[in-house]
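# Descriptive structure summary
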Amino acid sequence: MTRDELQRRILEGVGDDPDSPVFFSDTQLAALVDEAAEILTEDIKAVRRSALLPLKEGVGYIYTPAIDPDFMAPIRVWNHQNSQRLTCLSMTEMDAINIRWQTTTGNPEVWLPVSWDLFGVYPKPAAASGVLRIDYLAWPRALMDDSDRSELPEATHDALVLYGQYMGCLKKWD
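Attention here is on the structure that accompanies the text. Keep in mind that what you see is a predicted model, and the values were worked out from it rather than measured.

## Comments concerning the overall build of the protein chain
Per the secondary structure count, the protein chain includes five helices and 10 strands. The C-alpha radius of gyration of the protein chain comes to 21 Å, more than 25% above the 16 Å expected for a compact globule of 174 residues. In terms of overall dimensions, the protein chain has a C-alpha envelope of 65 × 30 × 25 Å along the principal axes. Partitioning the contacts of the protein chain with sequence separation of at least 6, the portion at a separation of at least 24 is 69%. With an accessible surface of roughly 9,800 Å², the protein chain has 54% of that area assigned to carbon and sulfur atoms. Positive and negative side-chain charges of the protein chain, numbering 16 and 27 respectively, have mean locations separated by a distance of 8 Å.

See below:
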């Protein structure tokens, strides 16, 4: 469904005229569709992307917005140098394996979540050679014009419309 079709269905659902809406401006309606897509994507984890990241010598922590501003959370990390999938462990598990894991260098074998926008690799790269492929959940891209289609599956578009209709009802005090 295009942004225009989503917006029209939202307006019809709240009893507003799609050609000259009263309760929403065009900007508010576009922002509402984007907000609905973000909320739904966070719940159903539907938007997945991959990125290639060159390894840098001695860098053991990776700031996710530097990979892509739409980066939500890593799913899998692959080392292209040896075609190996990195194991995901926690910092507590890493401490149990090797108390000096943060200073160890070598070919990355493990990745670990650190915070909502940071993850680490162990051991940290000893040289600036090799590439990591990071599969990640992403925030959906904003719909830029009325003919843009949401990257969410077609089956979820009714949920986007319902979210917009609920917000319209709240705005009308219904």
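The structure having been displayed, the exposition proceeds.
## Considerations on a negative patch on the surface
Together, E35, E38, E42 and D43 give the surface a local cluster of negative charge. As for its position among the elements, E35 is in helix α2 (residues 26-44).

## What about the packing of α2 against helix α5 (residues 157-171)?
Relative to each other, α2 and α5 sit at 125°, their axes nearing to 9 Å. By the angle class used here, α2 and α5 are oblique. For the pair α2 and α5, the crossing hand works out as right-handed. Mapping the contact onto sequence places Q28, L32, E35, A36, A37, I39 and L40 in α2 and A159, L160, Y163, G164, M167 and K171 in α5. Within the contact of α2 with α5, the residues separate by chemical class into nine nonpolar, two polar and two charged.

## A word on the side chain of D117
If you trace the backbone, D117 turns up in the loop between β7 (110-115) and β8 (118-122). K56 provides the closest opposite charge to the buried, salt-bridge-free D117, at an N-O distance of 16 Å. One polar contact links D117 to S115, side chain to side chain, over a distance of 3.0 Å.

## Thoughts on the sheet that holds strand β4 (residues 84-85)
The strand order β1-β10-β3-β4 describes an open sheet built from four strands, whose pairing is antiparallel. Looking along the sheet, the strands with just one partner apiece sit at the ends: β1 (48-54) and β4. As defined by bridge partners, strand β3 (residues 71-79) adjoins β4 across two bridges and the pair is classed as antiparallel. Each bridged residue has a counterpart across the sheet, and for N79 the counterpart in β4 is Q84.

## Description of the pattern of salt bridges
All chains considered together, the criterion is met by nine salt bridges. Of the charged contacts, one joins D158 and R9 as a salt bridge, the two residues approaching to 3.0 Å between their closest N and O atoms. Of this pair, D158 sits in helix α5 while R9 sits in helix α1 (residues 3-13), placing them 149 residues apart in sequence. Residue classification places D158 among the partly exposed residues on the basis of a relative accessible area of 44%. The salt bridge involving D70 is made with R49; its shortest N-O contact spans 3.8 Å.

## Observations concerning the nonpolar core
For soluble globular proteins, the rule of thumb is that nonpolar side chains tend to be buried together. In terms of nonpolar packing, the biggest core is built from 32 residues, with I67, F119, L132 and I134 touching the most fellow members. Those elements that place two or more of their residues in this core are α1, α2, β1, β3, β8, β10 (131-138) and α5. Considering each element in turn, this core owes the most residues, six residues, to α2. Aside from chain neighbours lying at most four places away, what touches L132 is A51, L52, L53, L55, I62, V77, W78, N79, L86 and V121. The next biggest cluster of nonpolar side chains, apart from the first, holds six residues, and it includes M94, V110, L112 and Y122.

Quick notes on the rules
- Residue positions are counted from 1 within each chain, in the order its sequence is given.
- This being a predicted model, a pLDDT of at least 70 is required before a residue's local features are given, and a value of 80 or more before pairs of side-chain atoms are given or counted; all residues contribute to the totals for chains, interfaces and linings.
- Excluding hydrogens and water, the side-chain figures rest on all heavy atoms present in the structure.
- Runs of H or I in DSSP of at least four residues are treated as helices and runs of E of at least two as strands, each being numbered from the N terminus.
- Throughout, radius of gyration means the C-alpha value; the globule benchmark is 2.2 Å times the number of residues raised to the power 0.38.
- By definition, residues are in contact when any of their heavy atoms lie within 4.5 Å.
- Only the protein chains shown count as cover for residues, with accessible areas throughout obtained via the Shrake-Rupley method and a probe of 1.4 Å.
- Counted charges follow a simple rule, with Lys and Arg positive, Asp and Glu negative, and His plus the chain ends left uncounted.
- For charged residues, the charge sits on one atom: NZ in Lys, CZ in Arg, CG in Asp, CD in Glu.
- Residues with no salt bridge and a relative accessible area higher than 30% make up the patches, which join like charges within 9 Å and nonpolar side chains (Val, Leu, Ile, Met, Phe, Trp, Tyr) within 5 Å.
- Criterion for a salt bridge: a side-chain nitrogen of Lys or Arg within 4 Å of a carboxyl oxygen of Asp or Glu.
- Fitted lines through C-alpha atoms give the axes, limited to the stretch in contact for helices. The angle between two N-to-C directions lies from 0 to 180 degrees.
- For classification purposes, an angle smaller than 35 degrees is called roughly parallel, one larger than 145 roughly antiparallel, one from 65 to 115 roughly perpendicular, and anything else oblique.
- What makes a crossing left-handed is the near helix being turned counterclockwise from the far one by less than a right angle; a clockwise turn instead makes it right-handed.
- All residues other than Ala, Val, Leu, Ile, Met, Phe, Trp, Tyr, Cys, Pro, Asp, Glu, Lys and Arg, Gly among them, are scored as polar; the first ten of these are nonpolar and the last four charged.
- A 1.4 Å probe rolled over the protein chains alone gives each residue an accessible area, and that area as a share of the maximum for its type sets the label: buried under 20%, exposed over 50%, partly exposed in between.
- We call two N or O atoms a polar contact when they sit within 3.5 Å, provided that within protein one can donate a hydrogen and the other can accept it, with sequence-adjacent residues counted only if both atoms are side-chain atoms.
- Being paired, for any two strands, means DSSP has found at least two bridges between them.
- To define a nonpolar core, start from buried Ala, Val, Leu, Ile, Met, Phe, Trp, Tyr and Cys residues and group those joined through side-chain atoms within 4.5 Å.

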